[in-house]
Amino acid sequence: MSDTVFIGMDLGTSRTSITTSTGVRTTVWSYVGYALDHVSRKHLGGRDKVFGEEAVENRMAVNLVRPLDKGLILDDEESRQAVRDLLEHIIDEASIPSGSTIYGVIGAPAEASVDSKALILSTASEFMDSIIVCSEPFAVAYGLDFLSDTLVVDIGAGTVDLCRVHGTMPKPEDQRTHHYAGDAIDARLAELLTKNHPEAQFSNNMVREIKENYACVGTHMDPVKVTFPVKGKPTEFDITAELSEACFGMVPPTVEALQDLIATFDPEFQQKMRNHVLLGGGGSQITGLSRAIEDALVEYGGGKVRQVEEPQYAGSNGALKVALDMPEDFWQEFIEQQSEKA
Ligand SMILES: Nc1ncnc2c1ncn2[C@@H]1O[C@H](COP(=O)(O)OP(=O)(O)OP(=O)(O)O)[C@@H](O)[C@H]1O
Ligand SMILES: [Mg+2]
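Residues numbered from 1 in each chain as written. Chains lettered and ligands numbered in written order. Predicted model: local features only at pLDDT ≥ 70, side-chain atom pairs only at ≥ 80, totals over all residues. Heavy atoms only, no water.

Caption draft 1: Focus on the nonpolar core. Core analysis: the largest hydrophobic core is formed by 45 residues, its most contacted members being Val153, Met250, Leu258, Ile286, Leu289 and Ile293. With residues up to four places along the chain from it excluded, the contact list for Ile293 reads Val251, Thr254, Val255, Leu258, Leu279 and Val305. (Core = buried A, V, L, I, M, F, W, Y, C linked by side-chain atoms within 4.5 Å. Buried < 20%, exposed > 50% of the residue type's maximum accessible area, 1.4 Å probe, protein only. Contact = heavy atoms within 4.5 Å.)

Shown next, in the form of C-alpha coordinates:
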(Lines give C-alpha, C1' and ligand atoms only; values in the text may rest on other atoms or scores of the structure.)
(Ligands and ions follow the chains in the order given, each with its own letter.)
Protein backbone atom coordinates (compact mmCIF):
# COMPACT_ATOMS: atom_id res chain seq x y z
CA MET A 1 0.00 0.00 0.00
CA SER A 2 1.24 3.52 -0.76
CA ASP A 3 2.11 5.92 2.05
CA THR A 4 -0.61 8.25 3.18
CA VAL A 5 0.09 11.96 3.29
CA PHE A 6 -2.35 14.10 5.29
CA ILE A 7 -2.93 17.68 4.34
CA GLY A 8 -4.72 20.57 5.97
CA MET A 9 -5.89 23.32 3.67
CA ASP A 10 -7.33 26.75 4.24
CA LEU A 11 -9.00 27.66 0.96
CA GLY A 12 -9.48 31.36 1.52
CA THR A 13 -10.94 34.25 -0.44
CA SER A 14 -7.60 36.02 -0.45
CA ARG A 15 -5.11 33.31 0.40
CA THR A 16 -4.87 29.55 0.22
CA SER A 17 -2.54 27.80 2.64
CA ILE A 18 -1.55 24.19 3.00
CA THR A 19 0.19 22.28 5.78
CA THR A 20 1.21 18.67 5.18
CA SER A 21 2.12 15.72 7.37
CA THR A 22 5.42 15.63 5.45
CA GLY A 23 6.35 18.92 7.13
CA VAL A 24 5.69 21.34 4.29
CA ARG A 25 3.67 24.50 4.57
CA THR A 26 3.10 27.05 1.93
CA THR A 27 0.67 29.78 1.01
CA VAL A 28 -0.42 31.52 -2.18
CA TRP A 29 -2.75 34.44 -2.80
CA SER A 30 -5.98 33.03 -4.25
CA TYR A 31 -5.52 34.53 -7.70
CA VAL A 32 -4.85 32.95 -11.07
CA GLY A 33 -3.70 34.99 -14.07
CA TYR A 34 -4.23 33.51 -17.54
CA ALA A 35 -2.13 34.70 -20.48
CA LEU A 36 -4.23 36.83 -22.83
CA ASP A 37 -2.34 36.20 -26.05
CA HIS A 38 1.05 35.16 -27.38
CA VAL A 39 2.64 38.47 -26.29
CA SER A 40 1.46 38.04 -22.74
CA ARG A 41 2.56 34.39 -22.76
CA LYS A 42 6.04 35.53 -23.80
CA HIS A 43 5.95 38.15 -21.05
CA LEU A 44 5.20 35.33 -18.58
CA GLY A 45 8.25 33.39 -19.74
CA GLY A 46 6.25 31.01 -21.92
CA ARG A 47 3.70 30.08 -19.27
CA ASP A 48 -0.07 30.02 -19.83
CA LYS A 49 -0.90 30.88 -16.27
CA VAL A 50 0.65 32.36 -13.16
CA PHE A 51 -0.51 32.30 -9.56
CA GLY A 52 -0.83 34.41 -6.48
CA GLU A 53 1.18 37.57 -6.09
CA GLU A 54 2.78 37.08 -9.48
CA ALA A 55 -0.67 37.05 -11.10
CA VAL A 56 -1.62 40.28 -9.33
CA GLU A 57 1.66 41.95 -10.26
CA ASN A 58 1.07 41.07 -13.91
CA ARG A 59 -2.60 42.00 -13.90
CA MET A 60 -2.24 44.24 -16.96
CA ALA A 61 -0.90 41.32 -19.00
CA VAL A 62 -3.27 38.55 -17.86
CA ASN A 63 -6.91 37.75 -17.34
CA LEU A 64 -6.83 37.96 -13.54
CA VAL A 65 -9.31 35.65 -11.82
CA ARG A 66 -10.09 35.72 -8.12
CA PRO A 67 -12.34 32.68 -7.92
CA LEU A 68 -13.63 33.05 -4.37
CA ASP A 69 -15.84 35.76 -3.06
CA LYS A 70 -17.26 36.03 0.47
CA GLY A 71 -15.54 32.72 1.25
CA LEU A 72 -17.29 30.79 -1.51
CA ILE A 73 -16.27 29.57 -4.95
CA LEU A 74 -18.03 31.79 -7.50
CA ASP A 75 -20.59 29.96 -9.54
CA ASP A 76 -19.18 30.26 -13.04
CA GLU A 77 -16.99 28.14 -15.28
CA GLU A 78 -14.00 30.51 -15.16
CA SER A 79 -13.93 30.50 -11.34
CA ARG A 80 -14.34 26.74 -11.07
CA GLN A 81 -11.43 26.27 -13.45
CA ALA A 82 -9.32 28.78 -11.50
CA VAL A 83 -9.96 26.97 -8.18
CA ARG A 84 -9.00 23.72 -9.84
CA ASP A 85 -5.77 25.30 -11.16
CA LEU A 86 -5.06 26.89 -7.79
CA LEU A 87 -5.43 23.56 -5.96
CA GLU A 88 -3.23 21.82 -8.49
CA HIS A 89 -0.63 24.55 -8.06
CA ILE A 90 -0.53 24.54 -4.28
CA ILE A 91 -0.47 20.75 -4.04
CA ASP A 92 2.37 20.81 -6.54
CA GLU A 93 4.19 23.34 -4.36
CA ALA A 94 3.80 20.99 -1.39
CA SER A 95 6.01 18.40 -3.20
CA ILE A 96 4.04 15.37 -2.06
CA PRO A 97 5.88 12.19 -3.06
CA SER A 98 4.26 10.79 -6.17
CA GLY A 99 2.10 7.75 -5.66
CA SER A 100 1.10 8.83 -2.13
CA THR A 101 -2.46 8.44 -0.95
CA ILE A 102 -3.64 11.94 -0.05
CA TYR A 103 -6.18 12.57 2.70
CA GLY A 104 -7.14 16.21 3.08
CA VAL A 105 -9.18 18.38 5.40
CA ILE A 106 -10.29 21.66 3.83
CA GLY A 107 -11.56 24.55 5.89
CA ALA A 108 -14.69 26.33 4.66
CA PRO A 109 -16.67 29.28 6.02
CA ALA A 110 -18.75 28.37 9.04
CA GLU A 111 -22.04 28.78 7.20
CA ALA A 112 -20.98 27.47 3.78
CA SER A 113 -23.99 25.93 2.03
CA VAL A 114 -24.30 22.27 1.13
CA ASP A 115 -23.86 23.23 -2.54
CA SER A 116 -20.66 25.15 -1.98
CA LYS A 117 -19.18 22.31 0.12
CA ALA A 118 -20.11 19.89 -2.67
CA LEU A 119 -18.30 22.12 -5.15
CA ILE A 120 -15.15 22.15 -3.00
CA LEU A 121 -15.32 18.35 -2.66
CA SER A 122 -15.77 17.72 -6.36
CA THR A 123 -12.99 20.12 -7.35
CA ALA A 124 -10.53 18.79 -4.78
CA SER A 125 -11.33 15.13 -5.46
CA GLU A 126 -9.22 15.37 -8.60
CA PHE A 127 -6.14 15.86 -6.41
CA MET A 128 -6.91 13.99 -3.20
CA ASP A 129 -8.08 10.47 -2.45
CA SER A 130 -10.33 11.40 0.42
CA ILE A 131 -11.54 14.79 1.65
CA ILE A 132 -13.41 16.19 4.60
CA VAL A 133 -14.70 19.77 4.60
CA CYS A 134 -14.55 21.28 8.05
CA SER A 135 -15.63 24.59 9.56
CA GLU A 136 -12.66 26.96 9.27
CA PRO A 137 -12.87 28.53 12.74
CA PHE A 138 -13.30 25.08 14.28
CA ALA A 139 -10.06 24.01 12.55
CA VAL A 140 -8.30 27.02 14.10
CA ALA A 141 -9.51 26.06 17.60
CA TYR A 142 -8.68 22.39 17.10
CA GLY A 143 -5.16 23.20 15.99
CA LEU A 144 -4.54 25.18 19.15
CA ASP A 145 -6.12 22.55 21.43
CA PHE A 146 -8.81 24.98 22.51
CA LEU A 147 -11.59 22.48 22.56
CA SER A 148 -13.73 23.67 25.39
CA ASP A 149 -15.69 26.86 25.96
CA THR A 150 -13.88 28.97 23.39
CA LEU A 151 -15.24 31.41 20.85
CA VAL A 152 -13.14 31.59 17.70
CA VAL A 153 -13.42 34.55 15.36
CA ASP A 154 -11.71 33.98 12.01
CA ILE A 155 -11.36 37.31 10.23
CA GLY A 156 -10.69 36.69 6.56
CA ALA A 157 -11.05 38.68 3.38
CA GLY A 158 -14.57 37.61 2.45
CA THR A 159 -16.08 36.52 5.74
CA VAL A 160 -15.77 36.84 9.48
CA ASP A 161 -16.55 33.36 10.79
CA LEU A 162 -17.42 32.79 14.39
CA CYS A 163 -17.61 29.43 16.07
CA ARG A 164 -18.46 28.28 19.55
CA VAL A 165 -16.27 25.35 20.54
CA HIS A 166 -17.38 23.17 23.44
CA GLY A 167 -15.77 19.77 23.17
CA THR A 168 -17.63 18.42 20.11
CA MET A 169 -17.75 19.06 16.38
CA PRO A 170 -19.65 22.34 15.98
CA LYS A 171 -23.22 22.31 14.71
CA PRO A 172 -24.86 25.02 12.59
CA GLU A 173 -26.25 26.69 15.73
CA ASP A 174 -22.67 27.05 17.03
CA GLN A 175 -21.63 29.18 14.06
CA ARG A 176 -22.24 32.61 12.63
CA THR A 177 -20.84 34.38 9.58
CA HIS A 178 -20.91 38.03 8.64
CA HIS A 179 -19.44 39.79 5.65
CA TYR A 180 -17.79 42.92 7.03
CA ALA A 181 -14.35 41.32 6.59
CA GLY A 182 -11.10 42.46 4.91
CA ASP A 183 -12.62 43.06 1.47
CA ALA A 184 -15.42 45.12 3.01
CA ILE A 185 -12.87 47.27 4.87
CA ASP A 186 -11.06 47.86 1.56
CA ALA A 187 -14.31 48.81 -0.17
CA ARG A 188 -15.37 51.14 2.66
CA LEU A 189 -11.93 52.76 2.78
CA ALA A 190 -11.97 53.35 -0.99
CA GLU A 191 -15.46 54.84 -0.69
CA LEU A 192 -14.41 57.23 2.10
CA LEU A 193 -11.25 58.25 0.25
CA THR A 194 -13.21 58.97 -2.93
CA LYS A 195 -15.69 61.04 -0.94
CA ASN A 196 -13.14 63.04 1.09
CA HIS A 197 -10.29 63.26 -1.43
CA PRO A 198 -11.90 63.06 -4.88
CA GLU A 199 -8.70 64.31 -6.52
CA ALA A 200 -6.58 61.36 -5.26
CA GLN A 201 -5.87 58.52 -7.69
CA PHE A 202 -5.61 55.00 -6.25
CA SER A 203 -6.33 51.36 -7.07
CA ASN A 204 -7.96 48.61 -4.97
CA ASN A 205 -4.57 47.02 -4.61
CA MET A 206 -3.09 50.23 -3.17
CA VAL A 207 -5.97 50.50 -0.70
CA ARG A 208 -5.45 46.92 0.49
CA GLU A 209 -1.72 47.51 0.93
CA ILE A 210 -2.34 50.64 2.98
CA LYS A 211 -4.75 48.72 5.18
CA GLU A 212 -2.29 45.86 5.68
CA ASN A 213 0.44 48.32 6.69
CA TYR A 214 -1.52 50.69 8.92
CA ALA A 215 -4.85 49.09 9.91
CA CYS A 216 -5.77 50.24 13.38
CA VAL A 217 -8.82 50.91 15.50
CA GLY A 218 -9.08 52.87 18.69
CA THR A 219 -8.63 56.37 19.94
CA HIS A 220 -4.83 56.39 20.23
CA MET A 221 -4.05 55.93 16.58
CA ASP A 222 -0.84 57.35 15.12
CA PRO A 223 -1.47 59.61 12.11
CA VAL A 224 -1.51 57.71 8.83
CA LYS A 225 -0.08 59.66 5.92
CA VAL A 226 0.09 58.17 2.44
CA THR A 227 1.04 59.41 -0.98
CA PHE A 228 -1.37 59.23 -3.91
CA PRO A 229 -0.94 60.84 -7.30
CA VAL A 230 -3.11 63.86 -8.10
CA LYS A 231 -3.19 64.39 -11.87
CA GLY A 232 0.00 62.35 -11.88
CA LYS A 233 1.78 64.37 -9.15
CA PRO A 234 2.62 62.52 -5.89
CA THR A 235 0.68 64.21 -3.08
CA GLU A 236 0.48 63.44 0.63
CA PHE A 237 -2.87 62.75 2.34
CA ASP A 238 -3.70 62.21 5.99
CA ILE A 239 -6.15 59.30 5.96
CA THR A 240 -6.20 58.48 9.70
CA ALA A 241 -9.93 59.13 10.12
CA GLU A 242 -10.96 57.22 7.00
CA LEU A 243 -8.84 54.17 7.88
CA SER A 244 -10.05 54.10 11.46
CA GLU A 245 -13.70 54.35 10.42
CA ALA A 246 -13.35 51.63 7.76
CA CYS A 247 -11.61 49.25 10.21
CA PHE A 248 -14.00 49.97 13.07
CA GLY A 249 -16.90 48.89 10.85
CA MET A 250 -15.93 45.32 11.69
CA VAL A 251 -16.49 45.70 15.43
CA PRO A 252 -20.30 46.05 15.75
CA PRO A 253 -21.32 43.05 13.60
CA THR A 254 -18.61 40.92 15.26
CA VAL A 255 -19.71 41.84 18.77
CA GLU A 256 -23.35 41.26 17.84
CA ALA A 257 -22.56 37.76 16.54
CA LEU A 258 -20.37 37.01 19.59
CA GLN A 259 -23.07 38.13 21.96
CA ASP A 260 -25.64 36.05 20.12
CA LEU A 261 -23.47 32.92 20.41
CA ILE A 262 -22.86 33.59 24.10
CA ALA A 263 -26.47 34.38 24.96
CA THR A 264 -27.79 31.19 23.39
CA PHE A 265 -25.27 28.99 25.24
CA ASP A 266 -25.74 27.16 28.55
CA PRO A 267 -25.87 29.98 31.15
CA GLU A 268 -23.45 28.21 33.45
CA PHE A 269 -20.68 28.38 30.84
CA GLN A 270 -21.38 31.79 29.33
CA GLN A 271 -18.91 33.62 31.53
CA LYS A 272 -16.13 31.17 30.73
CA MET A 273 -16.80 31.50 27.02
CA ARG A 274 -16.85 35.29 26.98
CA ASN A 275 -13.47 35.24 28.69
CA HIS A 276 -12.02 33.00 26.01
CA VAL A 277 -12.46 34.75 22.68
CA LEU A 278 -9.77 34.02 20.13
CA LEU A 279 -9.11 36.10 17.01
CA GLY A 280 -7.50 34.51 13.94
CA GLY A 281 -7.23 35.14 10.20
CA GLY A 282 -5.36 37.90 8.37
CA GLY A 283 -7.78 40.57 9.57
CA SER A 284 -6.99 39.81 13.22
CA GLN A 285 -3.77 41.78 12.68
CA ILE A 286 -5.62 45.10 12.81
CA THR A 287 -3.88 46.93 15.63
CA GLY A 288 -6.13 47.50 18.62
CA LEU A 289 -8.88 45.14 17.42
CA SER A 290 -8.87 42.82 20.48
CA ARG A 291 -9.14 45.84 22.72
CA ALA A 292 -11.93 47.43 20.65
CA ILE A 293 -13.94 44.19 20.81
CA GLU A 294 -13.34 43.94 24.58
CA ASP A 295 -14.53 47.52 25.01
CA ALA A 296 -17.67 46.84 23.00
CA LEU A 297 -18.36 43.68 25.03
CA VAL A 298 -18.41 45.65 28.28
CA GLU A 299 -22.08 46.54 27.92
CA TYR A 300 -22.87 42.82 27.63
CA GLY A 301 -20.90 41.81 30.70
CA GLY A 302 -17.32 42.06 29.44
CA GLY A 303 -14.91 39.53 28.00
CA LYS A 304 -11.31 38.68 27.26
CA VAL A 305 -10.11 38.68 23.65
CA ARG A 306 -6.78 37.33 22.41
CA GLN A 307 -5.08 36.93 19.05
CA VAL A 308 -3.72 33.62 17.71
CA GLU A 309 0.03 33.60 17.13
CA GLU A 310 0.25 32.54 13.49
CA PRO A 311 -2.81 33.97 11.75
CA GLN A 312 -1.53 32.91 8.35
CA TYR A 313 -1.23 29.20 9.12
CA ALA A 314 -3.62 28.72 12.05
CA GLY A 315 -6.33 27.45 9.67
CA SER A 316 -4.24 24.99 7.67
CA ASN A 317 -2.28 23.78 10.72
CA GLY A 318 -5.57 23.13 12.49
CA ALA A 319 -7.05 21.39 9.45
CA LEU A 320 -3.99 19.11 9.36
CA LYS A 321 -4.50 18.25 13.00
CA VAL A 322 -8.17 17.42 12.33
CA ALA A 323 -6.98 15.20 9.46
CA LEU A 324 -4.39 13.38 11.57
CA ASP A 325 -6.97 12.64 14.29
CA MET A 326 -9.76 11.59 11.95
CA PRO A 327 -10.65 7.88 12.21
CA GLU A 328 -9.98 5.86 9.05
CA ASP A 329 -13.74 5.08 8.68
CA PHE A 330 -14.44 8.70 7.78
CA TRP A 331 -11.89 8.67 4.96
CA GLN A 332 -13.21 5.36 3.68
CA GLU A 333 -16.76 6.70 3.63
CA PHE A 334 -15.76 9.38 1.11
CA ILE A 335 -13.83 6.88 -0.98
CA GLU A 336 -16.86 4.56 -1.07
CA GLN A 337 -19.19 7.41 -2.05
CA GLN A 338 -16.85 8.36 -4.89
CA SER A 339 -16.69 4.83 -6.22
CA GLU A 340 -20.49 4.54 -6.07
CA LYS A 341 -20.72 7.71 -8.18
CA ALA A 342 -18.21 6.44 -10.73
N1 LIG B 1 -1.63 43.39 8.78
C2 LIG B 1 -2.89 43.34 8.41
N3 LIG B 1 -3.80 44.17 8.94
C4 LIG B 1 -5.09 44.12 8.55
N5 LIG B 1 -5.59 43.29 7.64
C6 LIG B 1 -4.72 42.42 7.08
C7 LIG B 1 -3.35 42.40 7.43
N8 LIG B 1 -2.75 41.42 6.70
C9 LIG B 1 -3.70 40.87 5.94
N10 LIG B 1 -4.89 41.47 6.16
C11 LIG B 1 -6.18 41.19 5.51
O12 LIG B 1 -6.64 39.92 5.91
C13 LIG B 1 -7.46 39.39 4.88
C14 LIG B 1 -6.98 38.02 4.54
O15 LIG B 1 -7.06 37.21 5.66
P16 LIG B 1 -7.06 35.62 5.47
O17 LIG B 1 -5.87 35.22 4.71
O18 LIG B 1 -7.31 35.03 6.80
O19 LIG B 1 -8.35 35.52 4.54
P20 LIG B 1 -8.90 34.35 3.67
O21 LIG B 1 -8.79 33.09 4.45
O22 LIG B 1 -8.24 34.36 2.34
O23 LIG B 1 -10.41 34.81 3.49
P24 LIG B 1 -11.77 34.10 3.95
O25 LIG B 1 -11.47 33.41 5.24
O26 LIG B 1 -12.75 35.21 4.07
O27 LIG B 1 -12.08 33.17 2.83
C28 LIG B 1 -7.33 40.31 3.68
O29 LIG B 1 -8.45 41.18 3.61
C30 LIG B 1 -6.05 41.07 4.00
O31 LIG B 1 -6.02 42.32 3.36
MG1 LIG C 1 -9.93 32.19 5.89
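On we go.
Caption draft 2: Local environment of the packing of helix 6 (residues 182–196) against helix 7 (residues 204–214). Axis separation between helix 6 and helix 7 bottoms out at 9 Å; the angle between their running directions is 110°. With respect to helix 7, the axis of helix 6 lies roughly perpendicular. Every pair of crossing elements has a handedness; the one defined by helix 6 and helix 7 is right-handed. In contact with Gly182, Ile185, Asp186, Leu189, Ala190 and Leu193 of helix 6, helix 7 contributes Val207, Arg208 and Lys211. Its residues assigned to classes, the contact of helix 6 with helix 7 shows 5 nonpolar, 1 polar and 3 charged. (Axes fitted to C-alpha atoms, helices over the stretch in contact; angles between N-to-C directions. Helix = DSSP H or I, 4+ residues; strand = E, 2+ residues; numbered from the N terminus. Parallel < 35°, antiparallel > 145°, perpendicular 65-115°, else oblique. Left-handed = near helix turned anticlockwise from the far one by under 90°. Nonpolar A, V, L, I, M, F, W, Y, C, P; charged D, E, K, R; others polar.)

Caption draft 3: Up close: the environment of His276. Among the secondary structure elements, His276 is positioned in the loop between helix 10 (267–274) and strand 16 (277–280). Through-space distance from the C-alpha of His276 to that of Asp186 is 29 Å; in sequence the pair is 90 residues apart. In this structure His276 touches Phe146, Ser148, Asp149, Thr150, Leu151, Lys304 and Arg306, once residues within four positions along its chain are discounted.

Caption draft 4: Quick peek at the domain arrangement of the protein. Considered domain by domain, the protein is made up of domain 1 (4–140 + 313–341) and domain 2 (182–248). For domain 1 and domain 2, the distance between their C-alpha centroids amounts to 32 Å. With 5 residues of domain 1 at the contact, the number on the domain 2 side is 4 residues. Counting each side, the surface lost to burial between domain 1 and domain 2 is near 300 Å², with a carbon and sulfur contribution of 30%. Area buried by domain 1 at its contact with domain 2 is led by Trp29, Arg59 and Arg66, which between them contribute 72% of it. Ionic pairing is found between Asp183 and Arg66, a salt bridge with its closest N-O pair at 2.8 Å. The interface formed by domain 1 and domain 2 contains 1 residue pair in polar contact (both at pLDDT 80 or more). Among the residues making up the side of domain 1 that touches domain 2, the classes are represented as 2 nonpolar, 1 polar and 2 charged. (Domains from an automatic or database assignment. Buried area = accessible area lost by both parts, 1.4 Å probe. Salt bridge = Lys/Arg side-chain N within 4 Å of Asp/Glu carboxyl O. Polar contact = N/O pair within 3.5 Å; in protein donor to acceptor, adjacent residues only side chain to side chain.)

Caption draft 5: Spotlight on helix 8 (residues 240–248). Within helix 8, burial applies to Thr240, Glu242, Leu243, Ser244, Ala246 and Cys247. Those residues of helix 8 that are buried are in contact with helix 6, helix 7, strand 15 (233–238) and helix 9 (251–263).

Caption draft 6: Broad picture of the pattern of salt bridges. In total, this model carries 20 salt bridges according to the counting rule given. In this structure, Arg84 engages Glu88 in a salt bridge whose closest nitrogen and oxygen atoms are separated by 3.4 Å. In this pair, Arg84 and Glu88 are both assigned in helix 3 (residues 77–93), 4 residues apart and thus about one turn of the helix distant. Arg84 sits in the buried class, given a relative accessible area of 19%. By relative accessible area, Glu88 is classed as partly exposed at 33%.

Caption draft 7: Structural view of the pairing of strand 9 (residues 101–108). Extensive coverage of strand 9 is indicated by the burial of 8 of its 8 residues. Looking at chain direction, strand 9 and strand 10 (residues 130–135) are connected through 6 bridges and run parallel. Across the sheet, Ile106 pairs through a bridge with Val133, a residue of strand 10. For the segment spanning strand 9, helix 4 (residues 114–124) and strand 10, crossover handedness is right-handed. (Pairing = 2+ DSSP bridges. Right-handed = clockwise from strand over helix to strand, strands pointing away.)

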